[in-house]
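If you want the building blocks of each chain, they are given just below.
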Amino acid sequence: MWLWSPLLLSACVAQPDPGDDVADEDSDQEYVDVVVIGAGAAGLAAAGDAVAAGADVVVLEREAEAGGAANVAGGLMLFSGTPEQRAAGVIDSPAQLAAEWPGFTGGDVADPWFQFFAAQNIPMVYDYLASLGVRWLAPEREPSGGDTPRVQPVEGQGAALVAALLDAALDAGPGAATVRYGAQADELLLEDGRVAGVRWSDDDGGHILRAGATIVATGGFLRDLDRVRAAVPALGDAPLTYASWQGADGNGLTMLEDVGATTQNLGAVGFYAHGFAAPVAGVDEVVSSIVAETPWVNADALRFCDEAGVNSLVVGRTRALQPAGLAWMVADQRVEDAIFADPSAGGAVYRFADMEDAGSVTRADSLVGLADALGLDGDTFLATLADYNAASETDDPWRSAPGIPLVEPPFYALPVTISVAKAFGGVDVDLQGRVLDSEGKVLPGVYAAGELTGMLGGSIVGEYGFTGSLTAVVLGGRVAGQYAAAEALSR
Ligand SMILES: Cc1cc2nc3c(=O)[nH]c(=O)nc-3n(C[C@H](O)[C@H](O)[C@H](O)COP(=O)(O)OP(=O)(O)OC[C@H]3O[C@@H](n4cnc5c(N)ncnc54)[C@H](O)[C@@H]3O)c2cc1C
């Protein structure tokens, strides 16, 4: 069932070329200047700019509503030099962002997409969104956004950002836009080496939409755990949990690879390590404050990170890459009072007894017994925890905040989950958002944006990523929308 916007009729003009192969196959086809696949933050931003440039635009969205991951996102955005930062006395600038960038993302400031991001995050994202009515709360110092307070939550969270972008796309003029819901893009049309639109389907069957330019903005690939393991081989068979949006299935990557696109940086997956396997089916994981207060050990019985988690993405990646994918939180009797919560909105709360009943807890009356039960080297385990206990009263070199010493038996171990959260690699695009092939050549007619491109350009960060990627997603969407419209209107 399609849900048509009131602007639909002005957006589509049936213009099949009777002479080409596609027209022979299917008479149900239309032509539009720009087709956008996916109405997430990137696709909506692209649609808004394409319409503003004068293009007629159709957005195909397979869900019943727009927004994708941004609908469930907290809406933390990253900027370098906002009015709120100045009001709070924070000195920031593109140069300051560049100075900190390698430290918190592992990225290369020479990358042209980073240079663009640094220069444009204020004019093309902050100022633009502010003109649409988006407002932000005060800047926060978020270590996965650098040392300077520059991460600002959108007032009304991600859903407010989506509403503003959707309104803009539908009302940007002088072109016209529509969003078709329940409309699944199935395959890109390739004609004479050029992407000429898309085959798509809905409850009424299959259709063809021909376009002067096609923008793919279908989101990330992190729900495809086979692809995640292939991209990060060090994960091996380690159990993985999801912190990504359920729609991030990578189908857009496949569609683009099928027409010759190449990818880069796919191994730059953003991981979190802040929870445990849920005690009930259907919940991805549960979280508890105790995870940050206790020592973690790996399969070598050694600690390996700041468990208090200064930079959550660094901690997550470090945990994800431990030998054999194994790591446990070790606690004493006090963990029996801990609460474990499903972090999703309205999520349930569980007791330690629920975790034990679910079978994910290892228990022993002594630390040696715990090492034995986990199959770890007892001497190393004891030495590691003796050092931890001693340091928890003085100055623990691993930790940014004091931990709780392990004193009261019984002792427990719970596996710390690896949460697969954000894709910072993806389809390779040039600075106009045009999709590239394996030789670095432009694939004519097709653009990509958003988490499908690793947030921006496929290479904006190193292995860790950053908090505030919605800024990059909106920027990449706007770039693709502008250039796609220019190409379509010049044909
Ligand atoms: C719980 C959570 C919290 C987050 N919090 C933050 C945060 O605070 N700050 C931040 O910067 N980032 C955050 N993120 C990440 C951020 O929300 C995403 O990276 C971003 O929204 C991705 O936008 P996108 O438009 O590229 O992709 P998506 O949001 O995935 O949108 C893609 C759209 O394409 C549609 N689609 C896919 N395939 C097809 C197809 N074949 N045909 C038609 N439609 C299709 C999907 O239904 C979807 O609507 C969070 C993510 C999650 C899951």
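Keep in mind that this is a model prediction, so the values were computed, not measured.

Conventions we followed
- Just so you know, the residues in each chain are numbered from 1, in the order the chain's sequence is written.
- Where local features are concerned, this predicted model is filtered to residues with pLDDT of at least 70; where side-chain atom pairs are given and counted, the filter is 80 or more; whole-chain, interface and lining totals use all residues.
- Calculation of side-chain values draws on the structure's entire complement of heavy atoms; hydrogens and water are dropped beforehand.
- We count a stretch as a helix when DSSP gives it H or I for four or more residues in a row; a strand needs E for two or more, and each element gets its number in order from the N terminus.
- Classification of residues uses two cut-offs on accessible area relative to the type maximum, computed with a 1.4 Å probe and protein chains only: under 20% is buried, over 50% is exposed, and between them is partly exposed.
- A contact between two residues is defined here by any heavy atoms of the two lying within 4.5 Å.
- In these tables, accessible area is a Shrake-Rupley quantity obtained with a 1.4 Å probe, and a residue counts as shielded only by the protein chains included in the view.
- Charge convention: Lys and Arg are scored as positive, Asp and Glu as negative, and His as well as the terminal groups of each chain are ignored.
- For charged residues, the charge sits on one atom: NZ in Lys, CZ in Arg, CG in Asp, CD in Glu.
- Bear in mind that the domain bounds are from an automatic or database domain assignment.
- In this description, buried area is defined as the sum, over both parts, of the accessible area (probe of 1.4 Å) that is lost when the two are combined.
- Any carboxyl oxygen of Asp or Glu that lies within 4 Å of a side-chain nitrogen of Lys or Arg is treated as forming a salt bridge with it.
- Any residue with a heavy atom lying within 4 Å of a molecule or strand is counted as near it.
- For this analysis, a polar contact is any N or O atom pair within 3.5 Å, provided that within protein one partner can donate a hydrogen and the other can accept it, and provided that sequence-adjacent residues contribute only side-chain to side-chain pairs.
- Note on residue categories: nonpolar means Ala, Val, Leu, Ile, Met, Phe, Trp, Tyr, Cys or Pro, charged means Asp, Glu, Lys or Arg, and polar means any other residue, Gly included.
- At least two DSSP bridges between two strands are required for those strands to pair.
- Working convention: axes come from line fits to C-alpha atoms, limited for helices to the stretch in contact. Angles between N-to-C directions cover 0 to 180 degrees.
- The pairing test for Phe, Tyr and Trp rings, Trp by its six-membered ring, is centres within 6.5 Å, and the orientation test on the planes gives stacked under 30 degrees, edge-to-face over 60, and tilted for anything in between.
- Here, the term nonpolar core denotes a set of buried Ala, Val, Leu, Ile, Met, Phe, Trp, Tyr and Cys residues that are joined through side-chain atoms within 4.5 Å.

Scanning the protein for helices and strands turns up 14 helices and 23 strands. Expressed along its principal axes, the backbone C-alpha trace of the protein runs to roughly 80 × 50 × 45 Å. Counting across all 491 residues of the protein, residues that qualify as buried make up 56%. For the protein, contacts bridging at least 24 residues in sequence account for 72% of all contacts bridging at least 6. A total accessible area of about 18700 Å² is found for the protein, and carbon and sulfur atoms account for 51% of it. In the protein, 24 positive and 68 negative side-chain charges are present, and the distance between their average locations comes to 4 Å.

Glancing now at the domain arrangement of the protein. Accessible area lost upon the coming together of the parts serves often as the stated size of an interface. Domain annotation for the protein reports domain 1 (1-233 + 250-265 + 425-491) and domain 2 (274-416). Centre-to-centre, using C-alpha coordinates, domain 1 lies 38 Å away from domain 2. Across the contact, 11 residues belong to domain 1 and 8 residues belong to domain 2. Contact between domain 1 and domain 2 buries roughly 740 Å² in total, counting both sides, with carbon and sulfur atoms accounting for 55%.

Turning to the pattern of salt bridges, a few remarks are in order. Summed over all chains, the structure comprises 20 salt bridges. With its nearest N and O atoms 2.9 Å apart, the salt bridge here joins Arg303 to Asp396. Of the two residues, Arg303 is situated in the loop between strand E14 (296-298) and helix H10 (312-320) and Asp396 in the loop between helix H13 (378-392) and strand E19 (411-415); the sequence distance between them amounts to 93 residues. Overall, the relative accessible area of 9% leaves Arg303 in the buried class. A residue is classified by how much of its surface remains accessible, and Asp396, at 8% relative accessible area, is buried. Residues joined in a network through salt bridges with shared partners are Arg303, Glu307, Asp396 and Arg399.

Right, let's get into the site of the ligand. Around the ligand, the surrounding shell holds 38 residues, and the nearest of these are Glu61, Ala69, Glu451, Ser469 and Leu470. Here Ala42 contributes a backbone N or O atom positioned 3.0 Å from an oxygen atom of the ligand. Here an oxygen atom of the ligand sits 2.6 Å away from a polar atom, N or O, in the main chain of Leu470. Starting from 1000 Å² of accessible surface for the ligand in isolation, the protein chains cover 93%. Of all the elements in the fold, those that place two or more residues in the shell around the ligand are helix H3 (41-52), strand E2 (57-61), strand E6 (184-191), helix H9 (251-258) and helix H14 (469-490). Classifying every residue of the shell around the ligand gives 19 nonpolar, 14 polar and 5 charged.

One open sheet holds the 3 strands; their spatial order is E9-E20-E11, and the pairing between them is mixed. The open sheet terminates on both sides in strands that have one partner only, identified here as strand E9 (240-242) and strand E11 (269-272). Each strand axis lies, on average, 45° off the axis of its neighbour in the sheet, ignoring direction. Where E9 meets strand E20 (residues 418-423), 3 bridges bridge the pair, whose relative direction is parallel. Residue pairing across strands places Leu240 opposite Ile418, the latter belonging to E20. This element, H10, spans E11 and E20 of the sheet and lies at about 90° to E11.

In the structure shown here, the tally under the stated rule is 14 aromatic pairs. Between the aromatic rings of Trp101 and Phe117, the centroid separation amounts to 5.8 Å while the plane-to-plane angle is 45°, which identifies the pairing as tilted. In this pair, Trp101 sits in helix H5 (residues 94-105) while Phe117 sits in helix H6 (residues 112-131), placing the two residues 16 residues apart along the sequence. Assigned by exposure class, Trp101 and Phe117 land together as buried. For the pair Phe117 and Phe466, a centre-to-centre distance of 5.9 Å together with 65° between the ring planes defines the contact as edge-to-face. One end of the pair, Phe117, is in helix H6; the other, Phe466, is in the loop between strand E23 (442-448) and H14, with 349 residues separating them in the sequence. The burial state of Phe117 is the same as that of Phe466; both residues are buried. Joined through ring pairs, the aromatic side chains of Trp101, Phe104, Phe114, Phe117, Phe424 and Phe466 make up one cluster.

This next bit is on the nonpolar core. General note: in soluble globular proteins, nonpolar side chains tend to be found buried as a group. Val34, Val57, Phe117, Leu129, Leu256 and Phe466 are the most contacted members of the largest nonpolar core, which totals 109 residues. Counting 24 residues, the second largest nonpolar core, distinct from the first, contains Ile290, Phe304, Ala327 and Ala338.

Bringing unusual backbone geometry into the picture now. Trans is the common state for peptide bonds, and a negative phi is the common state for residues other than glycine. Residue Pro174 follows Gly173 across a cis peptide bond; omega there is 5°. Examined against the element boundaries, Pro174 turns out to sit in the loop between helix H7 (157-170) and strand E5 (177-181). Cis geometry is adopted by the peptide bond preceding Pro410, which originates at Pro409 and carries an omega value of 0°. You can see Pro410 is positioned in the loop between H13 and E19. Located in the positive-phi region is Asn265, a residue other than glycine, with phi close to 65°. Relative to the elements of secondary structure, Asn265 occurs in the loop between strand E10 (263-264) and E11. Here Ala324, not a glycine, exhibits a phi torsion of approximately 60°, which is positive. As for its placement among the helices and strands, Ala324 is situated in the loop between H10 and strand E15 (327-331). Residue classification places Ala324 among the exposed residues on the basis of a relative accessible area of 63%.

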